[in-house]
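Coordinate inspection notes
Listed below, chain by chain, are the residues.
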Amino acid sequence: MMTIENKHTFLPFDLQFFAEDPPNDPPADPNGAQGGEPEKVELTPEELQKKIEAESDRKLAKVLEKKQKEWDSLTEQKIQEALKEKERLSKLSEKERKDEELSKREQEIEKRLKEIELKELKADAVSDLADKGLPAEFADFLLAEDAANTLENINNFKSAFDKAVNEAVKEKLRQDTPKSSSGRMDNSNTPSVAELAQKHRLIK
């Protein structure tokens with residue numbers, strides 16, 4: 001009769017991996033009385049996978065528990081603030097409450113109007129940048145309190161941008177222009193600054 005032997009591949013594994021927290025005490029002297037290597041066990045790949053999944057689930061649950069406590073604390077804080085505000089309003093006269101409610105509504109309307117104005121201002125800035133051949137990504141950095149100051153920022157940026165591009169093109173020309181046999185620069189086949197800039201996509 002043939003005997004079938006059930007074989008498993010065992011993997012050495014350090015139990016310290018599943019420790020709750022790293023030890024605060026310094027490791028013992030390996031040459032001392034309590035020295036020695038950490039305890040190791042041998043696990044099959046399936047057992048090891050289950051260990052890792054269980055540890056991952058435990059750590060995830062711990063993170064979720066912490067976040068839940070933070071959320072509960074924030075919610076409680078908001079509730080307390082709302083109760084204090086309600087108590088404060090209850091001590092006001094009817095006219096004072098109406099005046100305060102009106103003031104809050106006006107502030108909310110003003111806030112929304114500013115948000116709308118900012119969106120329109122940014123859209124105009126993106127359009128102006130595109131017209132001047134500049135990247136639209138600079139719009140956020142060039143926005144000002146109104147359209148006139150934003151356009152001034154864009155124009156100043158355009159001047160500085162063009163100056164930097166021209167200097168870069170001139171440096172490129174200086175490096176690429178061949179010298180004639182007399183040692184002078186041969187400009188017969190040298191492209192113009194605009195052509196070279198367009199070739200290297202430095203300006204539009």
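Per-chain numbering applies: the sequence of each chain, read as written, is numbered from 1 onward. Given that this is a predicted model, residues contribute local features only at a pLDDT of at least 70 and side-chain atom pairs are listed and counted only at 80 or more, while totals for whole chains, interfaces and linings are drawn from all residues. To obtain the side-chain values, all non-hydrogen atoms of the structure were used and water was disregarded.

1. What to know about the overall build of the protein chain
- The way it works is that DSSP assigns letters per residue, a run of H or I at least four long becomes a helix, a run of E at least two long becomes a strand, and they are numbered from the N terminus. Within the protein chain one finds five helices and two strands.
- Ordering the α and β elements of the protein chain from the N terminus gives β-β-α-α-α-α-α.
- Burial analysis of the protein chain (204 residues in total) assigns 10% to the buried set.
- Residues count as neighbours in contact if any of their non-hydrogen atoms are within 4.5 Å of one another. Pairs at least 24 residues apart make up 50% of the contacts formed inside the protein chain by residues separated by at least 6 positions.
- In this description, accessible areas are obtained by the Shrake-Rupley approach with a 1.4 Å probe, and a residue is regarded as covered only by the protein chains that are shown. Taken as a whole, the protein chain presents about 17,600 Å² of accessible surface, with 54% of it coming from carbon and sulfur. Relative accessibility under 20% of the residue-type maximum defines a buried residue, over 50% an exposed one, and the middle range a partly exposed one, all with a 1.4 Å probe and only protein chains included.

2. Description of the packing of helix H1 (residues 45–90) against helix H2 (residues 94–131)
- Each axis is a line fitted through C-alpha atoms, taken for helices only over the stretch in contact, and angles between the N-to-C directions span 0 to 180 degrees. Where H1 contacts H2, the axes come no closer than 10 Å and their chain directions differ by 130°. By the angle between their directions, the pair H1 and H2 is classed as oblique. The residues of H2 that touch H1, namely those facing Glu-85, Arg-88, Leu-89 and Ser-90, are Arg-97, Glu-100 and Lys-104. Angles below 35 degrees are treated as roughly parallel, those above 145 as roughly antiparallel, those between 65 and 115 as roughly perpendicular, and all remaining angles as oblique.

3. A short note on the pattern of salt bridges
- Criterion for a salt bridge: a side-chain nitrogen of Lys or Arg within 4 Å of a carboxyl oxygen of Asp or Glu. Under the counting rule described, the total for this entry stands at 14 salt bridges.
- Note that Lys-114 and Glu-110 form a salt bridge whose closest N and O atoms lie 3.7 Å from each other. Here Lys-114 and its partner Glu-110 are both found in helix H2, four residues apart, which amounts to about one turn of the helix.
- The class for Glu-110 is partly exposed, based on a relative accessible area of 45%.

4. Let's talk about the side chain of Thr-150
- As for its position among the elements, Thr-150 is in helix H4 (residues 147–176).
- When its relative accessible area of 2% is taken as the criterion, Thr-150 is described as buried.

5. Some points on the nonpolar core
- Side-chain atoms within 4.5 Å link the members of a nonpolar core, which is a set of buried Ala, Val, Leu, Ile, Met, Phe, Trp, Tyr and Cys residues. In this structure, Ala-125, Leu-129, Leu-134, Ala-139, Leu-142 and Ile-154 together form the largest nonpolar core, which totals six residues.
- If we skip the residues at most four places from it in the chain, Leu-134 touches Leu-129, Ile-154, Phe-157, Lys-158 and Phe-161.

6. Section: the packing of aromatic side chains
- Whether two aromatic rings pair depends on their centres lying within 6.5 Å, for rings of Phe, Tyr and Trp, where Trp uses its six-membered ring; planes under 30 degrees apart make the pair stacked, over 60 edge-to-face, and the rest tilted. One pass over the full model with this rule turns up two aromatic pairs.
- Note on Phe-157 and Phe-161: the rings are 5.9 Å apart at their centroids and 35° apart in plane angle, and the pair reads as tilted. Of this pair, Phe-157 and Phe-161 both sit in helix H4, four residues apart, which is roughly one turn of the helix.
- Looking at Phe-161, the relative accessible area reads 23%, which means it is partly exposed.

7. Topic: H2
- Take the residue count of a helix, subtract one, and multiply by 1.5 Å to get its expected span. Here H2 spans 56 Å end to end across 38 residues, near enough to the 56 Å set by a 1.5 Å rise per residue.
- Within the sequence span of H2, burial applies to Leu-121, Ala-125 and Leu-129.
- Looking one or two places after H2, you find Gly-133, whose phi comes out positive at around 75°.

8. Looking at the confidence of the model for the protein chain
- Residues with a pLDDT of 70 or more make up 66% of the protein chain, whose mean pLDDT is 77.
- Residue-level confidence of the predictor is summarised by pLDDT, bounded by 0 at the bottom and 100 at the top. At the low end of the mean pLDDT range in the protein chain sits helix H5 (residues 193–199), at 48; at the high end sits H2, at 91.
- The model gives residues 1–7 a pLDDT under 50, and that stretch makes zero contacts with residues more than four places away or in other chains.
- Taken together, the stretch residues 196–204 has pLDDT below 50 and engages in 14 contacts with residues farther than four places along the chain or on a different chain.

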